[in-house]
Amino acid sequence: MELKKVISKCAETRDSFYLYDEKGILESVENLKSNFPETEFLYSIKCNPDPRVIRCVFGEGFGADAASAGEVRLAHEAGLPSEKIFYSAPGKSDNDIEETITSSVIIADSIDEIGRVQAAAEKRGMIINIGIRIDPDFTFDSDKGRPSKFGIDEEQAIEFAQNCHYSNIKITGIHVHLKSQELSADVLASYYKKMFRLAEKFEKICGGLEYVNMGSGIGVNYAENEEPLNISSLASDFRSEFERFRSSYPDTKVMIETGRYAVCRSGYYVTKVMDRKVSRGKTYVLLKNTLNAFMRPSLAELVRHYSGESSPAGTEPLFTSEDAFQFLTLKEGVPEETVTLAGNLCTAADVFAADIRMPKLERGDIVIVTNAGSYAAALSPMQFSSQEKPEELFLTKDGKLQ
Ligand SMILES: Cc1ncc(COP(=O)(O)O)c(C=O)c1O
């Protein structure tokens, strides 16, 4: 069934819902796999932990980038073995370590955490392979590192690895993630190049690595006028660096993480007009479950009001750009008007889009918000105001609704 018909059908009995389209997810995943055949991919569960979505992605051979003990559990429930679940997050508790030490590959985020994993392994009389997250002495656009709450500074990590006397842990991998949502193939390619040089250093210090996890960075074109990332050009630059690295280290797996690229564009948030009013000359269309159910469009409006910049740095995944979401309707053949799409919450910050052109909407009409597959349901304050949560629906590749 065509997507528009599915949305209309689902809206007959629901005022707001998410729809995830398996076909679209599979296309994105296939695009990555075919361009990077030598790479292993990890799906970043945090962006959309819906069990049907993660099963779909894992079914294509992806491992898991888990950001909590809860996500390690979700990955297991979806059928992944422990060695394909990489648990990387700052500030892990002792309970987090105890729970995941044998059910995932722990990526230690600090030197203190390495000590705590050592203690947990010693208590069990085991030798545990761990990865370490590194804050390298470079960024995407500079050859100098910067302070970060994530990982261990490269210089400290080198010194630690050279002098490590712990007998119950072995450092067998490195992980770096510096930035999300990069759309320049050249910038990403230069980052991968620096990553291969970093990996070579740790290969030597650690006496061989099992894996190098390059993190994410692969971006999605959100706004209609945005040029998509040129994946094939990126892949060809990546391949030449990879071949060079592999000639020296043939047994080291190279991994890339991705959340949004796999799922962002295959998710839709659908809501309905509850009311409309004209107040002192301004037309408001009031929708069901907005800020509370899909926070990012409302945050974009807030950023527009309070920030002088159109792309303030370091705000992913809360804020991408002002025009990252399109507001569509199935209404055809009616005149357009300028409206403000607001929600049904008791806060004036609950604005999805201010002063946009839309076909004239009446009570009961459908509004579809795009790019709702990642950081949407998972990143919204659904408890606020005790509203009914929108259902998350999954359209299988065979057209069945789950
Ligand atoms: C460590 C790590 N890896 C991967 C991702 C996923 O990023 P994206 O959804 O942009 O692919 C994130 C996002 O916050 C992250 O923190």
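Sequence order sets the numbering: in each chain, residues are counted from 1 along the sequence as written. Owing to the predicted nature of the model, reporting of local features is limited to residues with pLDDT of at least 70; listing and counting of side-chain atom pairs is limited to 80 or more, with chain, interface and lining totals taken over all residues.

**Student:** What is the right way to read the overall build of the protein chain from this model?
**Tutor:** Counting from the N terminus, the helices are the DSSP runs of H or I reaching at least four residues and the strands are the DSSP runs of E reaching at least two. Across its full length, the protein chain carries 11 helices and 17 strands. Seen along its three principal axes, the alpha-carbon backbone of the protein chain occupies a region of about 70 × 45 × 40 Å. By sequence separation, contacts in the protein chain at least 24 residues apart represent 69% of the contacts at least 6 residues apart. By the criterion used throughout, residues are in contact when their C-beta atoms, derived from the backbone, lie within 7 Å.

**Student:** Sorry if this is basic, but what is going on with the environment of Val254 here?
**Tutor:** Looking at the element boundaries, Val254 is found in strand β10 (residues 253–258). Val254 sits in the buried class, given 22 other C-beta atoms within 10 Å. Discounting residues that sit within four places of it in the chain, Val254 has contacts with Glu38, Thr39, Val212, Met214 and Phe242. Any residue whose C-beta has 12 or fewer other C-beta atoms within 10 Å is treated as exposed, any with 20 or more as buried, and any in between as partly exposed, C-beta atoms being built from the backbone.

**Student:** Is there a simple way to think about the domain arrangement of the protein chain in this case?
**Tutor:** Accessible area lost upon the coming together of the parts is a frequently used measure of interface size. Domain borders in the structure are assigned automatically or taken from a domain database. Here the protein chain is partitioned into domain 1 (81–258) and domain 2 (265–395). With 6 residues of domain 1 at the interface, the matching set in domain 2 holds 9 residues. Here the residues of the side of domain 1 that touches domain 2 are counted per class, giving 3 nonpolar, 2 polar and 1 charged. For this classification, the nonpolar set comprises Ala, Val, Leu, Ile, Met, Phe, Trp, Tyr, Cys and Pro, the charged set comprises Asp, Glu, Lys and Arg, and every other residue, Gly included, is treated as polar.

**Student:** Quick question: what am I supposed to make of the site of the ligand here?
**Tutor:** Using a C-beta atom placed from the backbone, a residue is scored as near a molecule or strand whenever that atom is within 6 Å of it. Neighbouring residues of the ligand: 16 residues in total, closest Ser44, His177, Ser180, Ser216 and Gly259. If you list the elements that add at least two residues to the shell around the ligand, you get β10 and α10 (260–263). Of the residues belonging to the shell around the ligand, the class tally is 3 nonpolar, 10 polar and 3 charged.

**Student:** Teacher, can you tell me more about helix α8 (residues 185–206) here?
**Tutor:** Residue pairs three or four apart in sequence face the same way in an α-helix, which turns once every 3.6 residues. The terminal C-alpha atoms of α8, which comprises 22 residues, lie 31 Å apart, in line with the 32 Å expected from a rise of 1.5 Å per residue. Of the positions making up α8, those classed as buried are Leu188, Tyr191, Met195, Leu198, Ala199 and Phe202. On an axial view of α8, the arc spanned by its buried residues comes to 115 degrees, and they lie on one face. Opposite the buried face of α8, at more than 90 degrees from it, the exposed residues are Asp186, Arg197 and Lys204. Here the buried face of α8 lies against α7 (154–163), β8 (169–175), β9 (211–213) and α9 (231–248). The first or second residue beyond α8 is Gly207, which carries a positive phi of 70 degrees. How far a helix is expected to stretch is found by multiplying one less than its residue total by 1.5 Å. Directions are taken from the helix axis to each C-beta atom, and the arc is the one they span.

**Student:** Just checking my understanding: could you explain the packing of helix α2 (residues 22–35) against helix α3 (residues 51–58) for this structure?
**Tutor:** For the pair α2 and α3, the least separation of the axes is 10 Å and the interaxial angle reads 35 degrees. Seen along the crossing, α2 lies across α3 with a hand that is right-handed. Contacts between α2 and α3 involve Glu22, Ile25, Leu26 and Val29 from the first element and Val53, Cys56 and Val57 from the second. Residue classes in the contact of α2 with α3 are distributed as 6 nonpolar, no polar and 1 charged. Angular values range over 0 to 180 degrees, each being the angle between N-to-C directions of two axes fitted as lines to C-alpha atoms, with helices fitted over their stretch in contact. Helix crossings fall into two classes, left-handed where the near helix is turned counterclockwise from the far one by less than a right angle and right-handed where it is turned clockwise.

**Student:** In this structure, what is going on with α2? I would like to understand it.
**Tutor:** Taking 1.5 Å as the rise per residue, α2 with 14 residues should run 20 Å; its terminal C-alpha atoms sit 20 Å apart, in good agreement. If you follow the buried residues of α2, they end up packed against β1 (16–21), β2 (40–44), α3, β10, α10 and β17 (391–395).

**Student:** How should I be thinking about unusual backbone geometry in this particular structure?
**Tutor:** Leaving glycine out, the prevailing phi sign among residues is negative, and the prevailing peptide bond configuration is trans. With an omega of 0 degrees, the peptide bond running from Glu316 to Pro317 counts as cis. Along the chain, Pro317 falls in the loop between α11 (295–306) and β13 (327–329). In the Ramachandran plot, Arg280 falls in the positive-phi region, its phi being about 45 degrees despite a non-glycine side chain. Summarising the element assignment, Arg280 is placed in the loop between β11 (267–279) and β12 (282–287). Assessed through the 4 C-beta atoms surrounding it within 10 Å, Arg280 is described here as exposed.

**Student:** What should I look at first to understand the environment of Thr329 in this one?
**Tutor:** Inspection of the secondary structure puts Thr329 in strand β13. Thr329 sits in the partly exposed class, given 15 other C-beta atoms within 10 Å. Placed 29 residues apart in sequence, Thr329 and Met358 show a C-alpha to C-alpha distance of 8.0 Å. Discounting residues that sit within four places of it in the chain, Thr329 has contacts with Met358, Pro359, Leu361, Asp365, Ile366, Val367 and Ile368.

**Student:** Whenever I open this one, the packing of α7 against α8 confuses me. Can you help?
**Tutor:** When two helices pack together, their arrangement is given by the angle between the helix axes and the distance between those axes. Contact pair α7 / α8: the axes reach a minimum separation of 9 Å and the direction vectors enclose 20 degrees. Classified by the interaxial angle, the pair formed by α7 and α8 is roughly parallel. Handedness of the crossing formed by α7 with α8: right-handed. Between α7 and α8, the contacting residues are Ile158, Ala161 and Gln162 on the first element and Lys201, Phe202, Ile205 and Cys206 on the second. Small angles under 35 degrees read as roughly parallel and large ones over 145 as roughly antiparallel, with 65 to 115 read as roughly perpendicular and the rest as oblique.

**Student:** Help me understand the pairing of strand β14 (residues 336–342), please; the structure alone is not making it clear to me.
**Tutor:** Successive side chains on a regular strand alternate, one facing one side of the sheet and the next facing the other. Between any two strands, at least two bridges found by DSSP are needed for them to pair. Taken together, the 3 bridges between β12 and β14 define a ladder with parallel strand orientation. Opposite Val285, over in β14, you have Leu341 as the bridge partner. Sheet analysis places β14 next to strand β15 (residues 351–359), joined by 6 bridges and oriented antiparallel. Its bridge partner being in β15, Ala342 is matched across the sheet by Val351.

**Student:** Looking at this structure, I do not really get the environment of Asn292. What am I missing?
**Tutor:** Relative to the assigned elements, Asn292 resides in the loop between β12 and α11. Since 24 C-beta atoms lie within 10 Å of it, Asn292 is described here as buried. Residues Asn292 and Ile132, 160 residues apart in the sequence, show an inter-C-alpha distance of 36 Å. Leave out the neighbours within four places in its chain, and Asn292 touches Leu345, Ser380, Pro381, Met382, Phe384, Ser385 and Gln387.

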